[in-house]
Amino acid sequence: MSTQLHVIVTRPSPYGEELCGELQHNGIVSTHSPLICFEPDTSFNSEQRLSALEQADTWIFVSRQAVNFCFDVFSSQQMSSLLQLSQSKTIIAVGDATADSLQQLNFVVLTPPTPNSEGMIALLEQHQRQNKSTLLIRGNQGRKLLQDYFSAQQLTILPVYQRQATGQQLPRMTESSAIVVTSGQLMELVANQVSESSQRKACSIISGSQRISEIAQQFGFTNCYTASNASNDELVKSCILWRNDVS
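Now for a description of the structure that goes with this document.

The residue Gln 78 is located in helix H4 (residues 76-86) in this model. Taking relative accessible area as the criterion, Gln 78 reaches 17% and is therefore assigned buried. Polar side-chain contacts of Gln 78 include one of 2.9 Å to the backbone nitrogen of Ser 75. If near-sequence neighbours (up to four positions away) are discounted, Gln 78 is found in contact with Glu 47, Leu 50 and Val 73.

Right under this line is the structure:
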């Protein structure tokens, strides 16, 4: 193919830059076009967050940013108290990257067999935590599957960050283009910009999960490559597969 293959990475900073670096290392030209950014959610102050963490038997973190934004309001003394408190808690991270962020803070973490809400529910049932008071640490948006799984009395949602659309414009999509999409919100933003049916059929979607691929197909994107999870390693593998297919 005479036109240079090109991957557009839509995930926010700093994760988008990290992925672009990995793609460059593998000889894939990429552009970082972040469609969302993360901002702190100040709905709960540090004392309210501390109280929520103390009262819940299980802590669930849905992303790396949930970890970072949750704990960055605490002093070193408060973090020491939380580490001691955590010994009596069950802490669940959605995937390896989230687990790594927690482990860097010295928390002991469980991860599900699949890095999604379904996997976390399976893990909760495996460890018989489904009837325990649970704190879901996330952004201001998220899938409702976990929320619907618990009764209102069992679950407290702690929003610690907000996803904000950046207004970033994507380059025009062609058959030589692929777009990396790692959330349902990003997929909707991509669809808003790539509005022509011919463009949607021409470009490819590199998605971070089967759910995102299904959303993409509902929007009319017919060429979807689904990574095993949204980690950089797995996304790069899918980009390499796409490159090999279209070269």
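Now for the sheet that holds strand S2 (residues 30-32). Spatial ordering of the open sheet is given by S2-S1-S8-S9-S10, a layout of five strands whose pairing is parallel. Where the open sheet ends on each side, the last strands, each with one partner, are S2 and strand S10 (223-226). Neighbour to neighbour, the strand axes of the sheet diverge by 25° on average, direction disregarded. Taken together, the four bridges between strand S9 (residues 204-207) and S10 define a ladder with parallel strand orientation. Along S10, the bridge assignment pairs Ser 207 with Thr 226.

Generally speaking, a soluble globular protein has its nonpolar side chains buried in company with each other. Of all hydrophobic cores here, the largest spans 45 residues; its most connected members are Trp 59, Phe 61 and Phe 71. When residues in this core are grouped by element, the largest group, five residues, is from helix H3 (residues 64-71). Counting 17 residues, the second-largest nonpolar core is a separate cluster that includes Cys 20, Leu 23, Val 236 and Val 246.

A few words now on the pairing of strand S1 (residues 6-9). Along S1, one buried face is formed by His 6 and Ile 8 and the opposite face, lined by Val 7 and Val 9, is buried too. Here four bridges tie S1 to strand S8 (residues 177-181), and the two strands are oriented parallel to one another. Across the sheet, residue Val 7 finds its bridge partner in S8, namely Ala 178. Relative to S2, S1 is paired through three bridges, and the arrangement is parallel. Counterpart to Ile 8 in the pairing with S2 is Thr 31. You can see the chain leave S1, run along helix H1 (residues 15-25) and come back into S2, and the turn it takes is right-handed.

Moving on, we come to helix H5 (residues 96-104). Turning to H5, its buried residues are Thr 98, Ala 99, Ser 101 and Leu 102. The buried side chains of H5 occupy one side of the element, clustering within an arc of 160° when seen end-on. The exposed residues of H5 that point more than 90 degrees off its buried face are Asp 96 and Gln 104. Of the residues one or two after H5, Asn 106 is the one with positive phi, at around 75°.

Let's shift gears to the packing of aromatic side chains. This model, assessed by the stated rule, comprises eight aromatic pairs. An angle of 35° between the planes, with centres 5.6 Å apart, marks the rings of Phe 61 and Phe 71 as tilted. With a gap of 10 residues between them, Phe 61 in strand S4 (residues 58-61) and Phe 71 in helix H3 connect regions that are remote in the sequence. Exposure class is identical for Phe 61 and Phe 71. Each is buried. Site record: aromatic cluster; members linked through ring pairs are Trp 59, Phe 61, Phe 71, Phe 74 and Phe 107.

With that settled, consider the packing of H1 against helix H11 (residues 232-246). In a packed pair of helices, the relevant descriptors are the angle between the two axes and the axis-to-axis distance. Close contact between H1 and H11 brings their axes to 10 Å; oriented N to C, the two are set at 50°. Accordingly, the angle class assigned to the pair H1 and H11 is oblique. The crossing of H1 and H11 is right-handed. Along its contact with H1, which presents Tyr 15, Glu 18, Leu 19, Glu 22 and Leu 23, the element H11 presents Asn 232, Leu 235, Val 236 and Cys 239. Residues belonging to the contact of H1 with H11 are distributed by class as follows: six nonpolar, one polar and two charged.

Here we come to unusual backbone geometry. Across the junction of Ser 13 and Pro 14, the peptide omega takes the value 0°, indicating a cis bond. If you trace the backbone, Pro 14 turns up in the loop between S1 and H1. Even without a glycine there, the phi angle at Asn 106 is positive, about 75°. When you line up the elements, Asn 106 lands in the loop between H5 and helix H6 (117-126). Judged by its relative accessible area of 59%, Asn 106 falls in the exposed class.

Criteria and thresholds
Residues numbered from 1 in each chain as written. Predicted model: local features only at pLDDT ≥ 70, side-chain atom pairs only at ≥ 80, totals over all residues. Heavy atoms only, no water. Helix = DSSP H or I, 4+ residues; strand = E, 2+ residues; numbered from the N terminus. Buried < 20%, exposed > 50% of the residue type's maximum accessible area, 1.4 Å probe, protein only. Polar contact = N/O pair within 3.5 Å; in protein donor to acceptor, adjacent residues only side chain to side chain. Contact = heavy atoms within 4.5 Å. Pairing = 2+ DSSP bridges. Axes fitted to C-alpha atoms, helices over the stretch in contact; angles between N-to-C directions. Core = buried A, V, L, I, M, F, W, Y, C linked by side-chain atoms within 4.5 Å. Right-handed = clockwise from strand over helix to strand, strands pointing away. Arc of directions from axis to C-beta. Phe/Tyr/Trp six-rings, centres within 6.5 Å; stacked < 30°, edge-to-face > 60°. Parallel < 35°, antiparallel > 145°, perpendicular 65-115°, else oblique. Left-handed = near helix turned anticlockwise from the far one by under 90°. Nonpolar A, V, L, I, M, F, W, Y, C, P; charged D, E, K, R; others polar.

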